[in-house]
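Close look at the chain arrangement
If you want the building blocks of each chain, they are given just below.
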Amino acid sequence: MERFSKAFRALHPGVSIQLVAFPEAELVAQLPRRQQAGLGPDLLLINAATAMRLQRQGQVHPLSMPAETLNQLEPETLARLRLPDGRLAALPVAQQPELACFNHQRLPEGSPTDLAGILRRSSEGVRFDLSIDPHQLFWTLGGLGAGDALLKASRGTPLSDAERRQLVLWLGWLQNASFQQHITFFATQDELLHGLRRGQLDWISCRSSSISRLEKQLGADLGVAALPGGAQGAATPVNRLRVLAFGANSSPGQRRIAMEMARFSVNPLVQRNLTLESQDLLPVNRFVPAPIASSTVLKSMVLSAEQALAAHPLVLALVANPAVDQALSAVLAKVIFGDQDPRGAVDTLIHDLQPPPR
């Protein structure tokens, strides 16, 4: 943000920019207090899910952008932020792909290329770690062919016997993984990162935003790859969007400058520099290709972003839906800890995902 702000001030020398950092988990609670004290921000750099939550609470101002600006952006990224009236909750700035991060010393041949490989290598003593958070397990749906079935269940559409079997297969794989001696499920991403950095784990699912932290500890031993798929298809990662949202209480002058800054952020040159300088972000401008020839990490990130396109319907229907998140969290916990068998869990999940009667 400091480099980006400096470049913007070079074009707008009269603008003063103050950066204030908050843990994103605290921002939802802090923002109303700052608004009431007259300290509300003009722009917020946050995740797409946070932007949508703040929008529902009326804490950020919806925006309309010129067509020439929006036409530069990936349609799928805009769809995740589109409001019922056609406006946007925020403007996409960058993508943070979901990846596999591993220790080259323990996996010299690289990350397993399919889900069966995870079970096989764990039986050989390689230590894998997964998250119990549903958002960080959606990538396993594609390899087991369960994505469409889960999507139909979330809409209350009756499932065929074959679709039920796909969900049983998915939950069964997760339960089987939890029973393995060298596969562990943790509650938070920080626990995964800590275990890999300390040498207590050999492979985790990760965000591209974590790569620089992992490199400081692991150096050349850090390996990065796209997440593994399976016999039923490629992985379905959920890539995180970093977005710019507009504060609700800005003056007309502040709103004008904030709009200029947001438009500047998706400029092709700015987007290219953002990727080159960070090495852990991908552009959202569809006319800015990532320089994958210069980096195997960027190549893995681009592959993950391409796989995420297949997961786009899942993202729209599931990731931003609190009711789906609650139902999945409850069922996954019971399956992973062995409190419910996969067949019974599928019945529970389908029942709990039924939309409330109108």
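Our subject is the structure that appears above.
So, here is what we can say about the structure in this document. Please read these numbers as outputs of a predicted model, since none were measured by experiment. (Residues numbered from 1 in each chain as written. Predicted model: local features only at pLDDT ≥ 70, side-chain atom pairs only at ≥ 80, totals over all residues. Heavy atoms only, no water.)

1. Quick look at the pattern of salt bridges
Between side chains of opposite charge, a pair can form when the charged atoms approach closely. Inclusion rule: Just to be clear on terms, a salt bridge is a Lys or Arg side-chain nitrogen sitting within 4 Å of an Asp or Glu carboxyl oxygen. Strands here mean DSSP runs of E at least two residues long; helices mean DSSP runs of H or I at least four residues long; both are numbered from the N terminus. For every residue, the accessible area obtained with a 1.4 Å probe (protein chains only) is divided by the maximum for its type, and the residue is called buried under 20%, exposed over 50%, and partly exposed between those limits.
Enumeration over the complete set of coordinates arrives at eight salt bridges. The shortest N-O distance in the salt bridge between Arg242 and Glu24 comes to 3.0 Å. Of this pair, Arg242 sits in strand β9 (residues 240-247) while Glu24 sits in helix α2 (residues 24-36), and the two are 218 residues apart along the sequence. Here Glu24 falls in the partly exposed class, since its relative accessible area comes to 22%. Glu163 serves as the salt-bridge partner of Lys152, at 3.0 Å between the closest nitrogen and oxygen. Of the two residues, Lys152 sits in helix α8 (residues 147-154) while Glu163 sits in helix α9 (residues 161-179), which places them eleven residues apart along the sequence. A residue is classified by how much of its surface remains accessible, and Lys152, at 25% relative accessible area, is partly exposed.

2. Here's the deal with the side chain of Ser154
For the record, the criterion: Distance and chemistry together define a polar contact, namely a pair of N or O atoms within 3.5 Å, with one atom able to donate a hydrogen and the other to accept it when in protein, and with adjacent residues in sequence counting only for side-chain atoms on both sides. In this description, contact between two residues means that some pair of their heavy atoms is separated by no more than 4.5 Å.
With respect to the helices and strands, the residue Ser154 is situated in helix α8. On the accessibility criterion, Ser154 (12% relative accessible area) is buried. A polar side-chain atom of Ser154 sits 2.6 Å from the main-chain carbonyl oxygen of Leu151. Ignoring sequence-local partners within four residues, the contact set of Ser154 consists of Ala317, Leu318, Val324, Leu353 and Pro355.

3. Concerning the packing of aromatic side chains
Aromatic ring pairs are described here by two measures, namely the spacing of the ring centres and the angle between the planes. Note the following rule: In summary, the pairing rule links any two rings of Phe, Tyr or Trp, Trp by its six-membered ring, whose centres are within 6.5 Å, and it sorts them by plane angle into stacked for under 30 degrees, edge-to-face for over 60 and tilted for everything else.
With the rule as written, the count across this model stands at four aromatic pairs. Between Phe4 and Phe264, the aromatic rings sit 5.5 Å apart at their centres with planes inclined by 35°, giving tilted as the arrangement. Linking Phe4 in helix α1 (residues 2-11) with Phe264 in helix α12 (residues 252-265), this pair joins segments that are 260 residues apart in sequence. For the residue pair Phe4 and Phe264, the accessibility class agrees, reading buried in each case.

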